[in-house]
Each structure stands twice: as C-alpha cells, then as structure tokens.
Amino acid sequence: MPRRPAARSGMALILVLVAIVLAGGLALFLQARASSLARTEQSELLRERLRLAAAEAAREALWVLAADDNLAVDHLGEDWALPRESLREDGVSTWAIVEDANRFFNWNNLAASNRAARSSRDILLDLMMFCGDFDSSVRVDALEDFVDADADGTYEDDFYRTGEKPYVPPNRELWAPAELLRVHGFSADLFRPRPRTDSDDLTGGDLSASTVLVPLPLEAPLPVNVNTAGRDVLMGVSGLQQEEVVRNVMALRQMQPFESLAAMFMAYPEVAAALEGSVGTASSCFRVRARAAAEGQHRSVMAWVERDPQTGDVRILQWMEGEG
Ligand SMILES: [Ca+2]
Ligand SMILES: [Ca+2]
C-alpha cells in the first residue's frame, strides 16, 4: 500500500521529466524552425536584391548605349561595347555587357523581303557553305517557308502535319532559338562551335558564332554592320568569291571605322551594287547580358533591345531573368 504513492509520485516525476524534455524539444524545434525560416527569408531577400542588382546593371549598360554620341557609326571600340564590372557597397558584384546583334546574320532575315541584288537566301547559303555545310539548300528552303507569311511551298503546313506531334510553321519571325530547331533539317549539331583551324580555310567558318536570332518583326532584313561583323559573316554577306574584298574591309576598318559605305562602295562598285541594303556602318539591335553575385548566389538578366537610329532611344524587345 505505501508503495503506491511513491510509485505514483515516481510516475509523476517521470511525466514531468518527459514534459520538460518534450517542452525543451519543442523549444529547440521552434527555435530551429525560426532560424531556418529566417535563413529562408534571408536567402529570399538576397535573391531579390541580386535580381534587382542584375536588372540595374543591365539598365546602366543600356544607358551607355543610349548615350552613344555617334549613331551613324558603331564599332567595338565605343563605350557601350566595353564590359562593365562593379563591386557595390553592399557586397554585391555586378557585371554587364552589351553585344551588337548587327555583327551577325539574323535568321529572321529570311522572313523579310528585300530589294537587294543579293537576297538573304543567297547570303545564308554562302554563310552556311563557308561554315562547312555543303548541303544547306533544303534547310534554307525549309526556314524560308517556316517564317514567310504565305503557306505556299514544300515545307509548309502539310509537311509538319505528320508524325506523333504534328505542328504547323508559325509563318512569322521566330522569337526564340528553340523555334529554329523545329525547322526541317535543323538540329543542335548545326550550332556546335567549330574549332578554328586555318585562317585561310574557305570552309572553316563557325555558324554558331556568326548567326543570331533577333526577336523582332522586320520590314527589311537586319543589315550587317561592316565595322563589327566577323570574317565569316562578311564572307557570307559578300559571297565566297569576294575573299579579297573582305580582307581589305577588315584591314581598313582596323585603321579607321567606316563612317559611311561610300568609300567602300567606291573601291568595289560591283560588290557594292550587290550589297546595297544588306550592310551598314551602324547597328540597331543589341543584346544586353548582366549578372549580380553575392554570398555564392547569382541572378542574371538577358534582354534584346532595339535602338532608334535617330534619337538613340532604347526599346526593350524581350527581357529574361534567370539564375546563374
Ligand atoms: Ca556609335
Ligand atoms: Ca510560310
């Protein structure tokens, strides 16, 4: 009989102890949860800060682009073309660069008709040949049908209506590289960077480094800027027989960027006649890439913009944000 209260108080003691342990555990759990919430919150805050910083860095780079004091001539020695880096007081580092889209051949040029003697189609065929694609005519035909407004051609609706996932060509300018891969004959292999072997090689070009997809509806093809385009692009634009012209253009612009096409056209009137409308000395479309980093996290921005050739005003065409 006397053992019972003792047992009971022993039991009570155990219960108290259990309660204390449980309460302690709960307190620890709550504390851990609070600090993990705080950590998550902190990391969310940092993420947002980095997102804003990347956007800010992109905007600053675009300010420099808009402030360009010579809109008739664009070359890679100008302020806007230089990468910008900064380390801010709050420990966030940013980096931004503006890239000239007119340096490259725009795939969407195939969607716009032009009056030039040398059509976008001719240019692309030569560029692809120069980049080692000797069988590009089917691809170029297919791309032309894919982006041109009409539905007459070999590679239109009926062509893509077969298979497991039928689709139809958009019959407009493309908005993203992924769309390009839906064109008959196009695959990621085509865009694999090629190692540069011999600088005189007439089929050693690199398609991935010569082309661009500017998400912009076009009334006329986007001209190639002779001051910024690389050799592969210039070879495609002028034609594979014009190696000497291309070499001279590249040598001349190194001394002084072309302020107008007059000098070039005077030296090569027959090439000039073919290139009228396909080339220029200034650029109108650009891509800005920016990145902000702190404490091992980063956020990035990539945007396509169009710059008004008269006022310099910059208009955003596409703005994408991401990690890394
Ligand atoms: Ca300029
Ligand atoms: Ca079409």
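**Regarding the overall build of the protein**
Next, step 1: In terms of regular secondary structure, the protein is built from nine helices and nine strands.
Next, step 2: Over its C-alpha trace the protein gives a radius of gyration of 30 Å, far above what one expects of a compact globule, namely 20 Å for 324 residues.
Next, step 3: Seen through its C-alpha atoms, the protein measures out along the principal axes to roughly 120 × 55 × 40 Å.
Next, step 4: For the protein, with 324 residues in total, the buried portion stands at 40%.
Next, step 5: Roughly 18100 Å² of accessible area belongs to the protein as shown, and the carbon and sulfur atoms make up 56% of that amount.

**Some thoughts on the coordination of the calcium ion (ligand 2)**
Next, step 1: The protein atoms that coordinate the calcium ion (ligand 2) are Asp-145 (O), Asp-148 (O), Asp-148 (OD), Asp-150 (O), Glu-156 (OE), Glu-156 (OE) and Asn-171 (OD1), at distances of 2.2 to 2.7 Å.
Next, step 2: One chain supplies every donor for the calcium ion (ligand 2), spaced along it as D-x2-D-x1-D-x5-E-x14-N.
Next, step 3: A residue is classified by how much of its surface remains accessible, and Asp-150, at 34% relative accessible area, is partly exposed.

**Here we look at the coordination of the calcium ion (ligand 1)**
Next, step 1: Of the protein atoms, only Asp-68 (OD), Asp-68 (OD), Asn-70 (O), Val-73 (O), Asp-74 (OD), Glu-78 (OE) and Glu-78 (OE) coordinate the calcium ion (ligand 1), at distances of 2.2 to 2.8 Å.
Next, step 2: Sequence spacing of the donor residues for the calcium ion (ligand 1), all on one chain, is D-x1-N-x2-V-D-x3-E. No difference in accessibility class separates Val-73 from Glu-78, as the two residues are buried.

**Side note on the pattern of salt bridges**
Next, step 1: Within this structure, the stated rule accounts for 22 salt bridges.
Next, step 2: A salt bridge links Glu-321 to Arg-51, with the nearest nitrogen and oxygen atoms 3.1 Å apart. Separated by 270 residues along the polypeptide, Glu-321 in strand β9 (residues 314-323) and Arg-51 in helix α1 (residues 3-66) bring together distant segments of the chain.
Next, step 3: Owing to a relative accessible area of 36%, Glu-321 belongs among the partly exposed residues under this scheme.
Next, step 4: Taking relative accessible area as the criterion, Arg-51 reaches 25% and is therefore assigned partly exposed.
Next, step 5: Here Asp-141 ties to Arg-121 by a salt bridge, and the two come within 2.5 Å at their closest N and O atoms. Of this pair, Asp-141 sits in helix α3 (residues 137-147) while Arg-121 sits in helix α2 (residues 120-130), and the two are 20 residues apart along the sequence.

**What about α2?**
Next, step 1: Every buried residue of α2 is accounted for by Ser-120, Ile-123, Leu-124, Asp-126, Leu-127, Met-128 and Phe-130.
Next, step 2: Where α2 is buried, its residues meet β3 (105-106), α3, β4 (211-212) and α6 (231-238).
Next, step 3: One or two residues past the end of α2 sits Gly-132, with phi positive at roughly 85°.

**A few points about the domain arrangement of the protein**
Next, step 1: Each domain of the protein was delimited in the assignment, giving domain 1 (3-102 + 285-323) and domain 2 (107-278).
Next, step 2: One C-alpha centre belongs to domain 1, the other to domain 2; they are set 37 Å apart.
Next, step 3: Taken residue by residue, the interface counts 14 residues in domain 1 and 15 residues in domain 2.
Next, step 4: In total, about 1200 Å² of surface goes out of reach between domain 1 and domain 2, with carbon and sulfur atoms giving 63% of it.
Next, step 5: Summed over the three residues of domain 1 that lose the most area to domain 2, namely Val-73, Asn-102 and Trp-304, the buried surface amounts to 39% of that side.
Next, step 6: Linking domain 1 with domain 2 are zero salt bridges, by the criterion used here.
Next, step 7: For the pair domain 1 and domain 2, the number of links is five residue pairs in polar contact (both at pLDDT 80 or more).
Next, step 8: If you list the elements that add at least two residues to the side of domain 1 that touches domain 2, you get β8 (297-307) and β9.
Next, step 9: Of the residues forming the side of domain 1 that touches domain 2, the biggest block, three residues, is contributed by β9.
Next, step 10: Its residues assigned to classes, the side of domain 1 that touches domain 2 comprises seven nonpolar, three polar and four charged.

**What about the pairing of strand β1 (residues 84-87)?**
Next, step 1: As paired strands, β1 and strand β2 (residues 93-100) are joined by four bridges and run antiparallel to one another. Within β2, the residue paired with Leu-87 across the bridge is Ser-93.
Next, step 2: The turn joining β1 and β2, which pair antiparallel and follow one another in sequence, is formed by five residues; a positive phi near 90° is taken by Gly-91.

**Examining the packing of α2 against α3**
Next, step 1: At their nearest, the axes of α2 and α3 sit 10 Å apart, and the two run at 145° to each other. At the point where α2 passes α3, the crossing takes the right-handed sense. Residues Arg-121, Leu-124, Leu-125 and Met-128 of α2 lie in contact with α3, whose contacting residues are Ser-137, Arg-139, Val-140, Asp-141, Leu-143 and Glu-144.
Next, step 2: The residue makeup of the contact of α2 with α3, split by class, is five nonpolar, one polar and four charged.

**Regarding unusual backbone geometry**
Next, step 1: Residue Asn-171 is not a glycine yet carries a positive backbone phi of 55°.
Next, step 2: Within the fold, Asn-171 resides in the loop between α4 (157-160) and α5 (177-180).
Next, step 3: Although it is not a glycine, Glu-295 sits at a positive phi angle of roughly 50°.
Next, step 4: The topology assignment puts Glu-295 in the loop between β7 (285-294) and β8.
Next, step 5: Glu-295 gets classed as exposed once you look at its relative accessible area, which sits at 71%.

Reading the values: the criteria
Residues numbered from 1 in each chain as written. Chains lettered and ligands numbered in written order. Predicted model: local features only at pLDDT ≥ 70, side-chain atom pairs only at ≥ 80, totals over all residues. Heavy atoms only, no water. Helix = DSSP H or I, 4+ residues; strand = E, 2+ residues; numbered from the N terminus. Rg over C-alpha atoms; globule rule 2.2 N^0.38 Å. Buried < 20%, exposed > 50% of the residue type's maximum accessible area, 1.4 Å probe, protein only. Areas by Shrake-Rupley, 256 points an atom, 1.4 Å probe, with all protein chains shown as cover. Donors = N, O, S within 2.8 Å, 3.2 Å for Na, K, Ca; no water. Salt bridge = Lys/Arg side-chain N within 4 Å of Asp/Glu carboxyl O. Contact = heavy atoms within 4.5 Å. Domains from an automatic or database assignment. Buried area = accessible area lost by both parts, 1.4 Å probe. Polar contact = N/O pair within 3.5 Å; in protein donor to acceptor, adjacent residues only side chain to side chain. Nonpolar A, V, L, I, M, F, W, Y, C, P; charged D, E, K, R; others polar. Pairing = 2+ DSSP bridges. Axes fitted to C-alpha atoms, helices over the stretch in contact; angles between N-to-C directions. Left-handed = near helix turned anticlockwise from the far one by under 90°.

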